[in-house]
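Spelled out from the first residue to the last, the chains are:
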Amino acid sequence: MITNRMIDLAPPPRPLKDGQKYNVFLSYRSVNRPWVINLYDTLCEAGHKVFLDQRVLVPGERLTGSIEDAISASQAGVLIWSHAAADSQWVKDEYVVLRGRDKDEPDFHFVPVKLDDSNLPPFAKSHFYLNFHAYPDGPNGPELLRLLHGIVGQPLSREALAFGEELQGKADDAMASIRAAEDRGSADRLCALFDAGGLAWDVSAALGARCIEALAKLGHPDMAVDRARALVTRFPRALRPRQMLAHSLSRRGNAGDDDEAAEILGKLYVSGARDPETLGLYARTFMDAHKATGQRRHLRRARDLYELGFQLSRDDAYCGINAASKSMMLGSEEDAETGRRLAREVADLLPPEITPDLTYWEAATIAGTALILGETDRAIRLFREAVDRFPSETGSHRSTAEQMGLLADHMDLAPDVRAQLQRAFDATD
């Protein structure tokens, strides 16, 4: 949980007036969702009622009156801006409504947040903004304390300023240490950092979640599961730690792990979590059930959940590529055509070739779309390039190789093509 010191220094949420349902409305693009979920968790821990679209909306409601109603029913709006948001029409439309309230209502507090070195839109430049460039995995440091004050329209006290300065050094050092350990592929160092903890680790779950994600990528699921359980204990009401625990359990795959992951995610799903992370992880549990039983109903349920995630966030390539691949695996010509259509939509979200700024999963997704669309030579080359660019992410390589093997089975690829595809992942051995 957030330390008592942080809670004591942060002003309480303002009472909701008639017609108000939320203290804070979060506006963002889906590529920044993991960061936003960490912010959502922190705001909820601090007592705020927060509008996060995919915990409230259903497919088809995006950019309709439901969004405007939610903004109208909120006391404050936080604009999460990044390079990715600059070309999102969805986000721009929300900004127009936020801007209108900010101009017309002095009691509405608008807080722009930058996650990288992108330029803010012209209308937001006139506002004092918060720069979280140093915290790409979730809010931390003095900017987090400023945000908690900004959404209620209060300046920081001297004590809060002093605490923020103390927190900044610790948060910056912790993040740099995590990145360095991940870059070296040192799972032991990541575990030592997590276990030592400290002030910056208690403010939010973001640092802990980053460590767990790195352990899973590096192929150490036991370590990831142990730390994810500890993070859930530390932040029992937060969404992100539970997602990371389910993800780590699915990666490990010991007896009982799949059932535990399915229960965690099923509870999140029925409680209203519809973000693509939850939907994608939940879908994976049905894929695991399909592999164990061979029952097509599990495969179809997995495809439908992935497709729901893509419907809710049309720029979420992860859910899109998985919905496409599972459609291909279902086997009928109608499903295959759906898979190719989805693959084309996903391909439009990403560059045609792997660029230095992409993550491993984005690189692998470009390769996956090529495979589904029948461009096998290009797919093999891109998979090999993705593995070569991210040599330490062996856990991710193994997961991709397994999924591509299943897809190849259902696409009836020639034996030599399958062999070349497998060799693209030989670095994982």
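Reading the values: the criteria
- Residues numbered from 1 in each chain as written.
- Predicted model: local features only at pLDDT ≥ 70, side-chain atom pairs only at ≥ 80, totals over all residues.
- Heavy atoms only, no water.
- Salt bridge = Lys/Arg side-chain N within 4 Å of Asp/Glu carboxyl O.
- Helix = DSSP H or I, 4+ residues; strand = E, 2+ residues; numbered from the N terminus.
- Buried < 20%, exposed > 50% of the residue type's maximum accessible area, 1.4 Å probe, protein only.
- Axes fitted to C-alpha atoms, helices over the stretch in contact; angles between N-to-C directions.
- Parallel < 35°, antiparallel > 145°, perpendicular 65-115°, else oblique.
- Left-handed = near helix turned anticlockwise from the far one by under 90°.
- Contact = heavy atoms within 4.5 Å.
- Nonpolar A, V, L, I, M, F, W, Y, C, P; charged D, E, K, R; others polar.
- Lys, Arg positive; Asp, Glu negative; His and termini not counted.
- Core = buried A, V, L, I, M, F, W, Y, C linked by side-chain atoms within 4.5 Å.
- Pairing = 2+ DSSP bridges.
- Right-handed = clockwise from strand over helix to strand, strands pointing away.
- Phe/Tyr/Trp six-rings, centres within 6.5 Å; stacked < 30°, edge-to-face > 60°.
- Lys NZ or Arg CZ within 6 Å of the ring centre and 35° of its normal.

## Observations concerning the pattern of salt bridges
Part 1: If you walk through the whole model with that rule in mind, you get 32 salt bridges.
Part 2: Glu353 is the salt-bridge partner of Arg381, the closest N and O atoms lying 3.0 Å from each other. Linking Arg381 in helix α18 (residues 376-389) with Glu353 in the loop between α16 (333-347) and α17 (360-372), this pair joins segments that are 28 residues apart in sequence.
Part 3: Glu375 is the salt-bridge partner of Arg378, the closest N and O atoms lying 2.7 Å from each other.
Part 4: With a relative accessible area of 24%, Arg378 lands in the partly exposed category.
Part 5: Look at the salt bridges and you will find they share partners, linking Arg300, Arg303, Asp304, Glu307, Asp335, Arg341 and Glu345 into a network.

## A few points about the packing of helix α9 (residues 206-217) against helix α10 (residues 221-234)
Part 1: Across the interface, α9 lies against α10 with an axial gap of 8 Å and an inter-helix angle of 165 degrees. As judged from the angle between their axes, α9 and α10 are roughly antiparallel. The interaxial crossing formed by α9 with α10 has left-handed handedness. Along the contact surface, α9 presents Gly208, Ala209, Ile212, Leu215 and Ala216, while α10 presents Met223, Ala224, Arg227, Ala228 and Leu231.
Part 2: By residue class, the composition of the contact of α9 with α10 is eight nonpolar, one polar and one charged.

## Concerning the side chain of Glu393
Part 1: The residue Glu393 is located in the loop between α18 and α19 (394-411) in this model.
Part 2: The charged side chain of Glu393 is buried without a salt bridge, its nearest counter-charge being Lys217 at 4.2 Å.
Part 3: Not counting the four nearest positions on each side in its chain, Glu393 is found in contact with Lys217 and Tyr360.

## Quick notes on the nonpolar core
Part 1: Grouped together as the largest cluster of nonpolar side chains are 125 residues, with contacts concentrated most on Leu26, Val78 and Phe383.
Part 2: With residues up to four places along the chain from it excluded, the contact list for Leu26 reads Val36, Leu39, Tyr40, Leu43, Val50, Phe51, Leu52, Val78 and Ile80.
Part 3: Of all hydrophobic cores here, the second largest spans 14 residues; its members include Phe51, Ile67, Ala70 and Tyr95.

## A few points about the pairing of strand β3 (residues 74-81)
Part 1: For β3, the tally of buried residues reaches eight of eight residues, placing the bulk of the element in the interior.
Part 2: Summarising the sheet, strand β1 (residues 22-27) and β3 pair through five bridges and their orientation is parallel. Residue pairing for β3: Phe25 is matched across the bridge by Gly77.

## Focus on the pairing of β1
Part 1: With six of six residues buried, β1 is to be regarded as a mostly interior element.
Part 2: Of the strand pairs in this sheet, β1 and strand β2 (residues 50-51) are connected by two bridges, and their pairing is parallel. Residue pairing in the sheet places Val24 in a bridge with Val50 of β2.
Part 3: Once the chain exits β1 it traverses helix α2 (residues 33-45) before rejoining the sheet at β2, and the crossover so formed is right-handed.

## Things to note about the packing of aromatic side chains
Part 1: The final tally for this structure, using the stated rule, is ten aromatic pairs.
Part 2: Ring centres of Trp35 and Phe132 lie 5.2 Å apart, and the angle between their planes is 70 degrees; this geometry places the pair in the edge-to-face category. Taken as a pair, Trp35 in helix α2 and Phe132 in the loop between β5 (130-131) and α5 (141-150) lie far apart in primary sequence, 97 residues in all. Here Trp35 and Phe132 have matching classes, each one buried.
Part 3: Centre to centre, the rings of Phe194 and Trp201 are 6.2 Å apart; their planes meet at 80 degrees, and the pair counts as edge-to-face. Pair check on accessibility: Phe194 and Trp201 agree, each one buried.
Part 4: Three or more aromatic residues joined by ring pairs form one cluster here, namely Tyr22, Phe25 and Phe51.
Part 5: Positioned above the aromatic ring of Phe194 is the side chain of Arg234, whose terminal nitrogen or guanidinium carbon lies 5.2 Å from the ring centre.
Part 6: The ring of Tyr269 is capped by Arg274, whose NZ or CZ atom sits 3.8 Å from the centre of that ring.

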